[in-house]
Amino acid sequence: MDAFVDSKTKVLLRANLVNEFAIKMVSVINAKELAWFVAREIVGSLGYEDCVIYYLNEEANCLVQTAAIGVKNPSDQEILNPLTIEIGVGVTGHVALTKKSMLVSDLSVHDNYVTDVEPALSELCVPIIFGDRLYGVLDSECKTAGAYGEEDRKVFETVARMIAAKLALIEQTELVKQYTAELEAKVEERTRELKVANDKLEYLASIDPLTELVNRRRLDEVLAQEFERTSRYQGELSLILLDIDHFKTVNDTRGHQAGDEVIAGVGRIAKVMSRISDTPGRWGGEEFLIVVPQTNRDSAVAFAEKLRQAIENEKFFGDLRVSASFGVASFRPGETIPAVLQRADEALYRAKRLGRNRVETATTA
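Just so it is clear, the model here is predicted, and its values are computed rather than measured. (Residues numbered from 1 in each chain as written. Predicted model: local features only at pLDDT ≥ 70, side-chain atom pairs only at ≥ 80, totals over all residues. Heavy atoms only, no water.)

K.L.:
Got a minute to help me understand the overall build of the protein in this structure?
P.N.:
If you tally the helices and strands in the protein, you get 9 helices and 11 strands. Here the C-alpha radius of gyration of the protein, 44 Å, is well above what a compact globule of 365 residues would show, namely 21 Å. Overall size of the protein, expressed as C-alpha extent along the three principal axes, is 130 × 45 × 30 Å. The 365 residues of the protein split such that 43% are buried. As presented, the protein carries roughly 19900 Å² of accessible surface, and 54% of it is formed by carbon and sulfur atoms. (Helix = DSSP H or I, 4+ residues; strand = E, 2+ residues; numbered from the N terminus. Rg over C-alpha atoms; globule rule 2.2 N^0.38 Å. Buried < 20%, exposed > 50% of the residue type's maximum accessible area, 1.4 Å probe, protein only. Areas by Shrake-Rupley, 256 points an atom, 1.4 Å probe, with all protein chains shown as cover.)

See the structure below:
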């Protein structure tokens with residue numbers, strides 16, 4: 001009777017210990033750490049002489065010794081030369097193949113025993129499976145024959161199910177992390193692509209396709225920015241309006257293709273001769289506006305004169321020559337954008353009235 005009570009007490013004690021390290025297992029975050037944790041608990045807490053956990057290497061179709069506590073690894077350190085066992089070979093290989101537990105009471109008469117560090121006389125080996133998925137095997141050996149019974153098998157099968165469930169969770173967590181990382185990478189890639197597309201759309205929305213200079217919309221934005229900066233810091237700002245002389249005649253006599261070539265050519269000259277800080281753009285039709293920051297009226301007039309000469313000396317559409325008239329106006333403190341533009345426009349038309357192909361400045365009145 002006392003032996004029965006002791007046996008029952010031992011079973012209950014082991015059940016409680018299994019429950020305790022099942023709770024501890026929750027904090028384990030990777031498969032290798034899990035193998036070492038379980039091996040230590042089986043030897044340290046449950047009192048077994050030996051514990052080895054093999055994980056399945058699916059690519060090589062073999063079992064790889066991942067954690068070992070006891071005779072096979074008395075130092076309780078990383079296994080330097082982990083044993084590998086082919087599926088179907090030895091007790092552990094057979095358990096992996098059949099996915100069924102084996103309890104061997106006397107290994108000396110077992111014809112399929114793989115000797116490791118030291119030979120043993122009894123062995124308990126159970127598969128680590130979740131559903132139909134084999135993750136590995138949980139193995140324990142003892143130098144004494146008949147060391148394991150059915151209660152030990154139940155304990156090991158319970159522990160193996162816990163390991164399998166935890167491995168499945170770890171695997172699922174890794175898959176979720178991988179999927180999340182891939183999704184984030186795709187989102188980041190799509191965000192970059194969207195930014196590139198938006199930047200391209202923004203660029204196209206701001207560029208005149210014929211001259212590849214900024215268009216009227218963008219010029220209005222630049223004017224607002226430069227006027228605000230000039231007003232705040234009391235700087236200088238000049239505007240240059242230029243209009244191609246007798247452009248209608250070019251279209252009428254040489255055709256619209258020649259007209260487009262002239263407009264594009266004048267735009268190229270304006271772009272090449274402008275500074276990085278300047279903003280040349282197509283104001284409309286054959287008319288161009290150049291916003292020239294940090295430049296007074298005299299410097300702007302000198303720049304306009306160089307442009308005038310460059311246009312006059314250029315050949316367009318073969319041997320076609322054209323000229324342009326210029327109006328220059330500089331910002332006055334307190335003046336509005338429309339007011340400066342109007343003065344530049346008046347100067348341009350004065351250049352037209354005075355014979356074209358010339359530079360005129362806004363009146364100081």
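From this point on, the discussion continues.
K.L.:
Explain the packing of helix α6 (residues 247–254) against helix α7 (residues 256–273) to me, please; I cannot follow it from the model alone.
P.N.:
Packed helix pairs are characterised by how far apart their axes lie and by the angle those axes make with each other. For the pair α6 and α7, the least separation of the axes is 6 Å and the interaxial angle reads 140°. The orientation of α6 relative to α7 falls into the category oblique. Where α6 approaches α7, its residues Phe 247, Val 250, Asn 251 and Arg 254 are matched on the opposing element by His 256, Ala 258, Gly 259, Val 262 and Ile 263. (Axes fitted to C-alpha atoms, helices over the stretch in contact; angles between N-to-C directions. Parallel < 35°, antiparallel > 145°, perpendicular 65-115°, else oblique. Contact = heavy atoms within 4.5 Å.)

K.L.:
Would you take a moment to explain a nonpolar patch on the surface for this structure?
P.N.:
A cluster of nonpolar side chains, namely Tyr 179, Leu 183 and Val 187, defines an oily patch on the protein surface of about 300 Å² accessible area. With respect to the helices and strands, Val 187 occurs in helix α4 (residues 150–206). Residue Val 187 is classed as partly exposed on the basis of its relative accessible area of 45%. (Patch = residues over 30% accessible without salt bridge, like charges linked within 9 Å, V, L, I, M, F, W, Y side chains within 5 Å. Salt bridge = Lys/Arg side-chain N within 4 Å of Asp/Glu carboxyl O.)

K.L.:
It is not clear to me how the sheet that holds strand β8 (residues 279–284) should be interpreted in this structure. Could you clarify?
P.N.:
Pairing between the strands of a sheet comes from backbone hydrogen bonds, and it takes one of two forms, parallel or antiparallel. Spatially, the 5 strands line up as an open sheet ordered β8-β9-β7-β10-β11, and their pairing is mixed. Only two strands of the sheet have a single partner each, and these edge strands are β8 and β11 (359–361). Neighbour-to-neighbour, the strand axes of this sheet turn through a mean angle of 20°, independent of strand direction. For β8 and strand β9 (residues 287–293), the ladder comprises 5 bridges, and the chain directions are antiparallel. Each bridged residue has a counterpart across the sheet, and for Arg 282 the counterpart in β9 is Phe 288. With respect to the sheet, helix α5 (residues 216–233) is in contact with β7 (237–244), β8 and β9, its orientation differing from that of β8 by roughly 130°. (Pairing = 2+ DSSP bridges.)

K.L.:
Any chance you could explain the pairing of strand β5 (residues 122–130) here in plain terms?
P.N.:
Strand residues, when the strand is regular, have side chains that alternate between the two faces of the sheet. Across the 9 residues that make up β5, a large majority, 7, are buried. Where strand β4 (residues 102–104) lies against β5, 3 bridges are found, and the strand directions are antiparallel. Paired with Val 104 across the bridge in β5 is Glu 123. The pairing of β5 with strand β6 (residues 133–142) spans 9 bridges and is classified as antiparallel. The residue of β6 that forms the bridge with Pro 127 is Val 137. Count of turn residues in the β5/β6 antiparallel hairpin: 2 residues, of which Gly 131 carries a positive phi of about 70°.

K.L.:
So what exactly am I meant to see when it comes to α5 here?
P.N.:
Counting along an α-helix, one turn takes 3.6 residues, and residues three or four places apart therefore face a common direction. The terminal C-alpha atoms of α5 lie 26 Å apart, and with 18 residues this matches the ideal 26 Å at 1.5 Å per residue to within 8%. Among the residues of α5, those classed as buried are Leu 219, Val 222, Leu 223, Glu 226, Phe 227 and Thr 230. The buried residues of α5 occupy an angular sector of 130° when the element is viewed end-on, so they sit on one face. Contact partners of the buried residues in α5: β7, β8, β9 and α9 (337–353). Gln 234 sits one or two positions beyond α5 and adopts a positive phi of about 55°. (Expected span 1.5 Å × (residues − 1). Arc of directions from axis to C-beta.)

K.L.:
What's the story with unusual backbone geometry in this structure? I'm lost.
P.N.:
Among all residues save glycine, negative phi is the norm, and among peptide bonds the norm is trans. Unlike most non-glycine residues, Lys 99 shows phi in positive territory, near 60°. As for its placement among the helices and strands, Lys 99 is situated in the loop between α3 (90–98) and β4. Classification of Lys 99 as partly exposed rests on a relative accessible area of 34%. Look at Asn 357: it is not a glycine, yet its phi comes out positive at around 50°.

K.L.:
So what exactly am I meant to see when it comes to the sheet that holds strand β1 (residues 51–57) here?
P.N.:
Spatial strand order, β3-β2-β1-β6-β5-β4: 6 strands in an open sheet with antiparallel pairing. Where the open sheet ends on each side, the last strands, each with one partner, are β3 (84–86) and β4. Mean inter-strand twist for the sheet, computed between neighbouring axes without regard to direction, equals 25°. Strands in contact with α3 are β1, β2 (62–69), β3, β4, β5 and β6; relative to β5, the strand with the most contacts, it is inclined by about 30°. Strands in contact with α4 are β1, β4, β5 and β6; relative to β5, the strand with the most contacts, it is inclined by about 35°.

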